[in-house]
Amino acid sequence: MKMAVSEIAKAINADETYLNEEQLAVEVTGTNFDSRNIEAGDLFVPLQGAHDGHDYIASAIANGANATLWSKERVDFRPQDLPVLVVDDPLAAYQKLSQYYLTKINPRVVAVTGSNGKTTTKDMIAAILSQDFNVTKTYDNFNNEIGVPYTILQMEANTEFLVIELGMDRPGQLDFLSKLVQPDVAVITMIGEAHIEFFGTRDKITDAKMEITHGLKEDGFFVYNGDEPLLRERATTLDMEQRTFGRQASDDLYATEVADGRFETSFKVNDDPTIDFKIPLIGDYNVDNALAAIEVGNIFQIPDQVIQGALEHFAITKNRTEWLSGNKGEAILSDVYNSNPTAAKEVLAAFSKTNTEGRHIVVLGDMLELGAQSVQMHADLAADLDPNQIDTVYLIGSDMAALRDRLLTKYEPQNVHYYTADQLEQLSSDLQADVTAQDEVMLKASHGLHLEKVVADLTN
Ligand SMILES: CC(=O)N[C@H]1[C@@H](OP(=O)(O)OP(=O)(O)OC[C@H]2O[C@@H](n3ccc(=O)[nH]c3=O)[C@H](O)[C@@H]2O)O[C@H](CO)[C@@H](O)[C@@H]1O[C@H](C)C(=O)N[C@@H](C)C(=O)N[C@H](CCC(=O)N[C@@H](CCCCN)C(=O)O)C(=O)O
Ligand SMILES: Nc1ncnc2c1ncn2[C@@H]1O[C@H](COP(=O)(O)OP(=O)(O)OP(=O)(O)O)[C@@H](O)[C@H]1O
Ligand SMILES: C[C@@H](N)C(=O)N[C@H](C)C(=O)O
């Protein structure tokens with residue numbers, strides 16, 4: 001982005017009495033809400049976390065901030081050595097600025113939500129559209145009320161498509177984000193149980209996910225998983241054009257001949273069986289993510305051969321079924337960004353099928369935000385762990401104790417290792433001592449368990 005302070009001030013209704021002529025002419029070339037990541041020319045956005053972002057203005061300036069948003073409540077403590085845009089609420093101003101900038105650049109917008117698969121599908125769609133267009137996509141999975149404005153303000157002036165991930169863990173959040181980005185295409189990958197603690201039922205999760213259509217343009221497209229009855233039912237009330245994907249003949253686009261490779265999955269689709277699609281990921285569920293992305297490519301008339309090439313080599317975001325090589329030469333499947341029952345079952349199914357000369361070792365940590373059904377849902381994962389396919393299980397976290405108890409009815413005790421959440425280092429050192437070059441290790445847990453530290457220990 002490139003904007004003068006005067007343009008920003010108008011866009012967000014900042015109090016211009018704190019800005020002189022010279023300051024109004026200063027040019028801003030980016031934004032950041034973390035002073036440690038500020039680059040020369042950026043606008044600093046002080047946000048409230050556990051600490052107050054305003055307290056880091058000195059480091060933002062030292063790193064080259066050209067201007068800062070500033071809460072009017074802190075106006076007496078404003079810095080004197082750069083332009084200060086005084087507003088009621090810096091986060092609301094940040095969101096408003098992003099909306100202004102989006103209107104100014106005016107790309108077509110593809111918005112992606114779903115209980116699982118948002119980041120992967122976003123990456124696939126961006127890879128496809130990038131073959132023919134200038135595309136900006138969500139950085140990592142910055143998908144909330146802070147991450148969405150950040151992504152929008154990252155756009156270069158020549159951006160033709162914005163592929164943006166929208167996340168939520170409460171009703172109303174997607175209503176806000178969808179109206180902010182006003183998608184040309186809204187995608188729902190699937191409905192699972194992620195964050196069900198704050199909804200109670202999958203039905204209510206579906207209602208909240210459908211909010212992605214609230215800002216959908218009238219001539220826009222709604223792309224969704226047609227195998228989910230809860231989505232099919234809601235879609236009947238929408239006027240916009242719709243495209244479904246899935247595994248059933250009733251879907252507009254469905255996969256056939258799905259085949260698992262060592263590190264990839266291949267499949268065909270109903271509308272052109274001559275093309276062999278391949279994705280560099282294991283897991284049947286990733287075919288669904290790819291189908292959603294192909295639908296988007298079709299909407300924008302990207303030829304099938306071009307889509308095929310883009311999917312074969314698309315760049316995945318780290319820690320999503322990412323294969324790594326461990327210190328002893330073992331193969332590691334890192335899926336440590338998040339976890340919930342549907343995702344854990346899918347990844348266990350995929351991992352169970354991979355060939356190994358050694359053992360299949362699984363490390364599972366607590367799945368968070370599952371509410372009253374949490375303990376039961378952890379215990380139920382026992383059905384997805386077969387001692388003939390998964391040799392050794394490491395469990396960590398309080399609710400995983402329920403899974404340990406269940407597993408002891410079918411596993412030898414020496415093959416089930418249990419740790420409390422504060423024993424992560426112990427788990428890591430025991431696992432390192434146990435693993436051999438021939439083994440394969442899969443790790444999955446909610447982000448809060450920090451299994452990425454174990455992955456780092458295994459691969460350092
Ligand atoms: C306000 C803010 O900056 N808080 C981030 C910050 O928290 P803290 O409370 O620890 O901040 P802290 O109190 O230390 O500092 C307050 C503020 O001062 C800043 N600061 C701090 C120190 C310093 O030297 N300099 C400085 O500028 C700091 O960046 C922050 O802006 O530091 C954490 C660790 O780095 C991030 O994890 C937090 O990011 C939040 C979660 C976020 O919302 N980040 C956005 C960009 C996002 O999209 N994050 C995604 C996750 C989004 C998500 O949870 N999505 C859910 C669904 C949506 C939920 C909606 N609530 C899902 O996908 O399931 C991600 O990080 O991967
Ligand atoms: N379509 C799917 N169905 C079930 N599970 C999936 C699906 N896609 C991905 N997953 C699981 O979810 C994990 C995270 O994938 P991804 O990051 O794409 O999802 P996400 O919805 O973006 O999650 P987050 O918003 O928390 O980043 C994967 O590694 C896999 O375990
Ligand atoms: C970290 C956040 N994006 C998320 O996915 N949280 C859930 C609870 C998880 O980590 O499993």
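Residues numbered from 1 in each chain as written. Chains lettered and ligands numbered in written order. Predicted model: local features only at pLDDT ≥ 70, side-chain atom pairs only at ≥ 80, totals over all residues. Heavy atoms only, no water.

Selection rule: UniProt positions are given in the numbering used here, feature names are shortened, and annotations may be inferred rather than shown by experiment.
Looking up the chain in an unreviewed UniProt entry gives the name UDP-N-acetylmuramoyl-tripeptide--D-alanyl-D-alanine ligase, with the organism given as Lentilactobacillus senioris DSM 24302 = JCM 17472. What UniProt states about the chain under its Function (unreviewed entry) heading is, verbatim, "Involved in cell wall formation. Catalyzes the final step in the synthesis of UDP-N-acetylmuramoyl-pentapeptide, the precursor of murein."

**Considerations on the site of ligand 2**
So the rule is basically this: The rule for a residue being near a molecule or strand is that one of its heavy atoms must lie within 4 Å of it. Whenever two N or O atoms come within 3.5 Å, that pair is a polar contact, provided that in protein one can donate a hydrogen and the other can accept it, and provided that, for residues adjacent in sequence, both atoms are side-chain atoms. In this description, accessible areas are obtained by the Shrake-Rupley approach with a 1.4 Å probe, and a residue is regarded as covered only by the protein chains that are shown. Labels follow the DSSP assignment, with helices taken as runs of H or I lasting at least four residues and strands as runs of E lasting at least two, numbered in each case from the N terminus. Asp, Glu, Lys and Arg are counted as charged, while Ala, Val, Leu, Ile, Met, Phe, Trp, Tyr, Cys and Pro are counted as nonpolar; the rest, among them Gly, fall into the polar class.
Thr119, Thr120, Arg320, Asp335 and Asn338 are the nearest of the 21 residues found near ligand 2. Measuring from an oxygen atom of ligand 2, one finds a side-chain N or O atom of asparagine 141 at 3.1 Å. At 3.4 Å from an oxygen atom of ligand 2 is found a side-chain nitrogen or oxygen belonging to asparagine 143. Out of a free accessible area of 620 Å², ligand 2 has 94% covered by protein chains. Elements supplying a minimum of two residues to the shell around ligand 2: α5 (118-129), α10 (285-299) and α12 (341-353). Of the residues assigned to the shell around ligand 2, the class counts are five nonpolar, ten polar and six charged.

**What about the sheet that holds strand β21 (residues 440-444)?**
Short version of the rule: Two strands are said to pair when DSSP picks up at least two bridges between them. An axis is simply a line fitted to the C-alpha atoms; with a helix, the fit covers only the stretch in contact. Between two such axes, the angle follows the N-to-C directions and lies from 0 to 180 degrees. The contact criterion used throughout is that any non-hydrogen atoms of two residues lie within 4.5 Å.
In space, the six strands of this open sheet follow the order β16-β17-β21-β18-β19-β20, with mixed pairing throughout. On the outer flanks of this sheet lie β16 (322-325) and β20 (416-419), each paired with one strand and no other. If you compare each strand with its neighbour and ignore which way they point, the axes differ by 15° on average. Packing of α12 onto the sheet brings it into contact with β16, β17 (331-335), β18 (360-365) and β21, and relative to β21 it is tilted by some 175°.

**Comments concerning the UniProt feature "domain: Mur ligase N-terminal catalytic" (unreviewed entry) in the chain**
Mapped onto this structure's residue numbering, the UniProt feature "domain: Mur ligase N-terminal catalytic" (unreviewed entry) falls at residues 28-74. The span residues 28-74 carries 13% helix and 26% strand; its end-to-end C-alpha distance comes to 22 Å.

**Concerning the side chain of serine 334**
Basically, it comes down to this: For every residue, the accessible area obtained with a 1.4 Å probe (protein chains only) is divided by the maximum for its type, and the residue is called buried under 20%, exposed over 50%, and partly exposed between those limits.
For serine 334, the position within the fold is in strand β17. Take serine 334: its relative accessible area is 0%, and that puts it in the buried class. Non-local contacts of serine 334, meaning those with residues more than four positions away in its chain, are made with Asn319, Arg320, Thr321, Glu322, Leu324, Leu443 and Val455.

**Some details on the sheet that holds strand β10 (residues 185-188)**
The nine strands lie next to each other as β8-β9-β7-β10-β11-β12-β13-β14-β15, forming an open sheet whose pairing is mixed. Two strands lie at the open edges of the sheet, namely β8 (135-137) and β15 (277-279), each paired on one side alone. Averaged over all adjacent pairs, the angle separating strand axes in this sheet is 20°, with direction ignored. Where strand β7 (residues 108-113) lies against β10, four bridges are found, and the strand directions are parallel. Bridged to threonine 113 within β10 is isoleucine 188. The strands touched by α10 within the sheet are β7, β10, β11 (221-225), β12 (241-246), β13 (253-260), β14 (265-269) and β15, with β12 carrying the most contacts at an inclination of about 150°.

**Topic: the site of ligand 1**
Surveying the vicinity of ligand 1 reveals 24 residues, the closest of which are Ser35, Ala50, His51, Asn144 and His195. Here serine 35 contributes a side-chain N or O atom positioned 2.7 Å from a nitrogen atom of ligand 1. Within the side chain of asparagine 141, an N or O atom sits 2.8 Å from an oxygen atom of ligand 1. Taken by itself ligand 1 offers 1200 Å² of open surface, and the protein chains cover 70% of this.

**Topic: the side chain of aspartate 34**
As for its placement among the helices and strands, aspartate 34 is situated in the loop between β3 (30-32) and β4 (42-44). Side chain to side chain, aspartate 34 and arginine 36 meet in a polar contact 2.9 Å long.

**Overview of the domain arrangement of the chain**
Stated precisely, the cut-off is as follows: In this document the domain limits rely on a domain assignment from an automatic tool or a database. Buried area: the accessible area, evaluated with a 1.4 Å probe, that two parts lose upon being put together, summed over both parts. Salt bridge, as used here, is a side-chain nitrogen of Lys or Arg placed within 4 Å of a carboxyl oxygen of Asp or Glu.
Each assigned domain of the chain is listed with its residue range as follows: domain 1 (3-88), domain 2 (106-312) and domain 3 (322-459). Placing the centre of domain 2 and that of domain 3 at their C-alpha centroids yields a distance of 28 Å. With 17 residues of domain 2 at the contact, the number on the domain 3 side is 21 residues. Roughly 1500 Å² of surface becomes buried between domain 2 and domain 3 when both sides are summed, with 54% attributable to carbon and sulfur atoms. The largest contributions to the domain 2 side of the interface with domain 3 come from Glu193, Arg262 and Tyr285, which together make up 33% of the buried area. Remark: the boundary between domain 2 and domain 3 carries two salt bridges.

**Looking at the packing of α10 against helix α11 (residues 304-312)**
Stated precisely, the cut-off is as follows: Throughout, the term roughly parallel applies to angles under 35 degrees, roughly antiparallel to angles over 145, roughly perpendicular to angles from 65 to 115, and oblique to all others. Crossing chirality is assigned from the near helix's rotation relative to the far helix, an anticlockwise turn below a right angle marking it left-handed and a clockwise turn marking it right-handed.
Where α10 contacts α11, the two axes come as close as 10 Å, and the packing angle between them is 140°. Taken together, α10 and α11 sit at an angle that is classed as oblique. When you trace α10 past α11, the crossing you get is right-handed. Touching Ala290, Ile294, Gly297 and Asn298 of α10 are Asp304, Ile307 and Leu311, all from α11. For the contact of α10 with α11, the residue count by class is four nonpolar, two polar and one charged.

**Here we look at the UniProt feature "domain: Mur ligase C-terminal" (unreviewed entry) in the chain**
The positions that UniProt labels "domain: Mur ligase C-terminal" (unreviewed entry) are, in the present scheme, residues 320-446. For residues 320-446, the helix share is 31%, the strand share is 23%, and the end-to-end C-alpha distance is 12 Å.

**Looking at the nonpolar core**
Among soluble globular proteins, nonpolar side chains are generally buried collectively. Stated precisely, the cut-off is as follows: Definition used in this section: a nonpolar core is a set of buried Ala, Val, Leu, Ile, Met, Phe, Trp, Tyr and Cys residues joined via side-chain atoms within 4.5 Å.
Counting residues in hydrophobic clusters, the biggest one holds 82 residues, and the most contacted among them are Ile12, Leu85, Val181, Leu364 and Leu385. Counting residues per element, this core draws most heavily on helix α4 (residues 90-105), at six residues. Residues contacting leucine 85, with those up to four places away along its chain left out, are Val5, Ile8, Ala9, Ile12, Ala14, Leu19, Leu43, Ala67, Thr68, Leu69 and Trp70.

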